[in-house]
Amino acid sequence: MQVALKIWRYDSSSGERALREYEIDAPDEATLLDCLDIVKDRHDGTLAYRKSCRMMICGSCGMRMNGAAVLACKTRMYEIAQAGEVPVISAMGNLPIVKDLVVDMDPFWSKFKAMKPYLQPGYDVPQDGREYRISQERMNVIHKEALCINCGCCVSECNAMESDPEFLGPQALAKGMRFVGDPRDAATVERLEQYSGPHGIWECTRCFFCNERCPKGVDPRDAIAKLGAEAISNGIDRDMGAKHAKWFIRSTETTGWLRETELVPKTQGIVSSVKQMKFAMGLIKHNKAGLAFPPHVARDVGEARNLHKLVKEQDRQGAMGHVQGERALARLAHGHSGEETLDEIYERQGAFTRPYLPGEGSAGGQGSLTQADVTPGEEPTKKPGGGA
Ligand code: SF4
Ligand code: SF4
Ligand code: FES
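Cut-offs and rules
- Residues numbered from 1 in each chain as written.
- Chains lettered and ligands numbered in written order.
- Predicted model: local features only at pLDDT ≥ 70, side-chain atom pairs only at ≥ 80, totals over all residues.
- Heavy atoms only, no water.
- Helix = DSSP H or I, 4+ residues; strand = E, 2+ residues; numbered from the N terminus.
- Buried < 20%, exposed > 50% of the residue type's maximum accessible area, 1.4 Å probe, protein only.
- Contact = heavy atoms within 4.5 Å.
- Areas by Shrake-Rupley, 256 points an atom, 1.4 Å probe, with all protein chains shown as cover.
- Near = heavy atom within 4 Å.
- 1 Å grid on protein atoms, 1.4 Å probe; cavity = no way out; pocket = protein on both sides within 12 Å on 5 of 7 lines; lining within 4 Å.
- Sits in = over half its atoms within 2 Å of the grid points.
- Nonpolar A, V, L, I, M, F, W, Y, C, P; charged D, E, K, R; others polar.
- Points joined across faces, edges and corners; volume = space filled by probe spheres on them.
- Patch = residues over 30% accessible without salt bridge, like charges linked within 9 Å, V, L, I, M, F, W, Y side chains within 5 Å.
- Salt bridge = Lys/Arg side-chain N within 4 Å of Asp/Glu carboxyl O.
- Axes fitted to C-alpha atoms, helices over the stretch in contact; angles between N-to-C directions.
- Parallel < 35°, antiparallel > 145°, perpendicular 65-115°, else oblique.
- Left-handed = near helix turned anticlockwise from the far one by under 90°.
- pLDDT = per-residue confidence, 0-100.
- Pairing = 2+ DSSP bridges.
- Expected span 1.5 Å × (residues − 1).

## Re the overall build of the protein chain
Thought 1: Within the protein chain one finds 17 helices and seven strands.
Thought 2: Buried residues in the protein chain amount to 37% of all 388 residues.
Thought 3: Partitioning the contacts of the protein chain with sequence separation of at least 6, the portion at a separation of at least 24 is 60%.
Thought 4: As presented, the protein chain carries roughly 22600 Å² of accessible surface, and 54% of it is formed by carbon and sulfur atoms.

If you want it as structure tokens, here you go:
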């Protein structure tokens, strides 16, 4: 196939910047990274970019295509070339450019190191001298965060980092959640204190671009939400962001909707609110203050209250509650109305093959009765007459 690319070339030593166009002949299955290799090998050996694994593992090849961060080795070019598009390739955002598509990753790694991305000693060592086992339920809380390959695509698109380069950012905070959610780590509270400080959790603008651009499904914004929930459930709620979130919860629990008029005094305190009286008067004048008394109560408020009750009863405060909510939303997103059984969903036309859980039987393959049944937290067993 014929592929045309426009690439922003830049040399930090001279300050020269130019948009160059290249036309190459590439195999139909070529990725963006393959195309850059062809440009470098056959057209212009001065082009600079990073790569290593070529299989979405090392995180080296993050760059922008048409203004949005991608992993070059994950981006197939066939449809783009067939559509006659000429994508513009440039270096990632929010990091200084060294040359062409190569950015200086030092600020990225400094924030990564600041998160202390290793288990802090002090946890209970299992008495029997065996490995520390974690239940699947607890692992679910950090499953996505553990998938991060440190590519920087999320950082490239982060709104909050654009306005405050000191903001810890989506990658570092997702890494932080990886350890906060790990029951073997002994520094949960210290970590939450640190991440709740200036330039931390509550500086995120919730634009969700990090979730959108992450090539590995880490969903860093969700990790930040989990950190916020963990901080609040550990009583670390000094920041206005935490107070804001707490008030939203209280508001939905009591009346079933967000009473934004009360948000300012509850978040900022009375003194600060008095200073904003002029703004408040403007809202009242334009009938936007919602001063009805007693406040309107939503018709189905009972459902919101039941939800609160359920979370408390099941002791799912913090990140565990967040994961439970995520699962329910994912089911809704897949059209699950609650009336079908799991088996019925997997029997739908075009559905994925049903994954079998430990202890369940299937005709063969993963989780089959002929395989070892390893249930988290329990002794590994072999089924009678089982195979490997
Ligand atoms: S959601 Fe927050 S962390 Fe993610 S890109 Fe937006 S501002 Fe940055
Ligand atoms: S969270 Fe995703 S986008 Fe961000 S560094 Fe990790 S893998 Fe890359
Ligand atoms: S080259 Fe390793 S992730 Fe792309």
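What follows picks up the thread again.
## Focus: the site of ligand 1
Thought 1: Around ligand 1 lies a shell formed by C158, A160, F167, P170, C204, T205, R206, C207, F208, C210, R221 and I224.
Thought 2: In a pocket analysis with a 2 Å cut-off to the grid points, ligand 1 is assigned to the second largest cavity.
Thought 3: A breakdown of the residues in the shell around ligand 1 according to their chemical character gives nine nonpolar, one polar and two charged.

## Regarding empty space enclosed by the protein
Thought 1: Across all of its chains, the model carries two cavities of 30 Å³ or more by this definition.
Thought 2: Considered as a void within the structure, the largest cavity measures approximately 100 Å³ in volume.
Thought 3: Every residue lining the largest cavity is counted, 15 residues in all, and those nearest its centre are C148, C151, C154, C214 and V218.
Thought 4: Listed by contribution, the elements that provide at least two residues to the lining of the largest cavity are α5 (153-156) and α7 (169-180).
Thought 5: The element that contributes the greatest number of residues to the lining of the largest cavity is α7, accounting for three residues.
Thought 6: Considering only residue class, the lining of the largest cavity consists of eleven nonpolar, three polar and one charged.
Thought 7: Of the pockets and cavities examined, the second largest cavity occupies roughly 80 Å³.

## What about the site of ligand 2?
Thought 1: Residues in contact with ligand 2 amount to 13 residues; listed here are only the nearest, C148, C151, G152, C154 and C214.
Thought 2: Because more than half of its atoms lie within 2 Å of the grid, ligand 2 is assigned to the largest cavity.
Thought 3: When its residues are assigned to classes, the shell around ligand 2 shows nine nonpolar, three polar and one charged.

## Quick word on a nonpolar patch on the surface
Thought 1: Side chains of I270, V274, M277, M281 and I284 sit close together on the surface and give an oily, nonpolar patch of about 490 Å² of accessible area.
Thought 2: Sorting elements by how many residues they give to the nonpolar patch places helix α14 (residues 277-285) first, with three residues.

## Some remarks on the packing of helix α11 (residues 240-255) against helix α15 (residues 301-313)
Thought 1: One can describe the packing of α11 onto α15 by two numbers: an axis separation of 7 Å at closest approach and a directional angle of 125°. Classified by the interaxial angle, the pair formed by α11 and α15 is oblique. Contacts from I249, T252, E253, T254 and T255 of α11 reach α15 at V301, A304, R305, H308 and K312.

## Digging into the pattern of salt bridges
Thought 1: This structure, assessed with the given rule, holds 21 salt bridges.
Thought 2: Of the charged contacts in the structure, one is a salt bridge between R133 and E131, with a shortest N-O distance of 3.4 Å.
Thought 3: With its nearest N and O atoms 3.6 Å apart, the salt bridge here joins E253 to R250. Within this pair, E253 and its partner R250 are both found in helix α11, separated by three residues, close to a single helical turn.
Thought 4: Judged by its relative accessible area of 22%, E253 falls in the partly exposed class.
Thought 5: Connected via shared salt-bridge partners are R9, D44, K99 and D100.

## Here's the deal with the packing of α7 against helix α10 (residues 220-233)
Thought 1: Where α7 meets α10, the closest approach of the two axes is 8 Å, and the angle between their N-to-C directions is 50°. By the criterion of interaxial angle, the relationship of α7 to α10 is oblique. Where α7 crosses over α10, the two elements pack in a sense that is left-handed. Every residue of α10 that contacts α7 at P170, L173, A174, G176, M177 and V180 is listed here: P220, A223, I224, K226, L227 and E230.
Thought 2: Residues belonging to the contact of α7 with α10 are distributed by class as follows: nine nonpolar, one polar and two charged.

## Quick look at the confidence of the model for the protein chain
Thought 1: When pLDDT is averaged along the protein chain, the result is 85, and 87% of the positions lie at 70 or above.
Thought 2: Predicted confidence is poor over residues 361-388, with pLDDT under 50, and the contacts of this stretch with residues over four places away or in other chains come to 37 contacts.

## Focus on the pairing of strand β2 (residues 16-25)
Thought 1: Inspection of the sheet shows strand β1 (residues 2-11) paired to β2 by ten bridges, in the antiparallel sense. Within the sheet, the bridge partner assigned to V3 lies in β2 and is I24.
Thought 2: Hairpin connection, β1 to β2: the antiparallel pair is bridged by four residues, and G15 has positive phi, about 80°.

## Topic: helix α1 (residues 32-43)
Thought 1: Taking 1.5 Å of rise per residue, twelve residues should cover 16 Å, and α1 covers 15 Å from first to last C-alpha, within 8% of that figure.
Thought 2: Considered for burial, the residues of α1 that qualify are L32, L33, C35, L36, D37, I38 and V39.

## Side note on the layout of surface pockets
It is a probe the size of a water molecule, rolled over the atoms, that shows where empty space is left.
Thought 1: Quantified by volume, the largest pocket comes out at close to 1600 Å³.
Thought 2: Secondary structure elements with two or more residues in the lining of the largest pocket: α10, α11, α15 and α16 (319-333).
Thought 3: The residue makeup of the lining of the largest pocket, split by class, is 18 nonpolar, twelve polar and nine charged.

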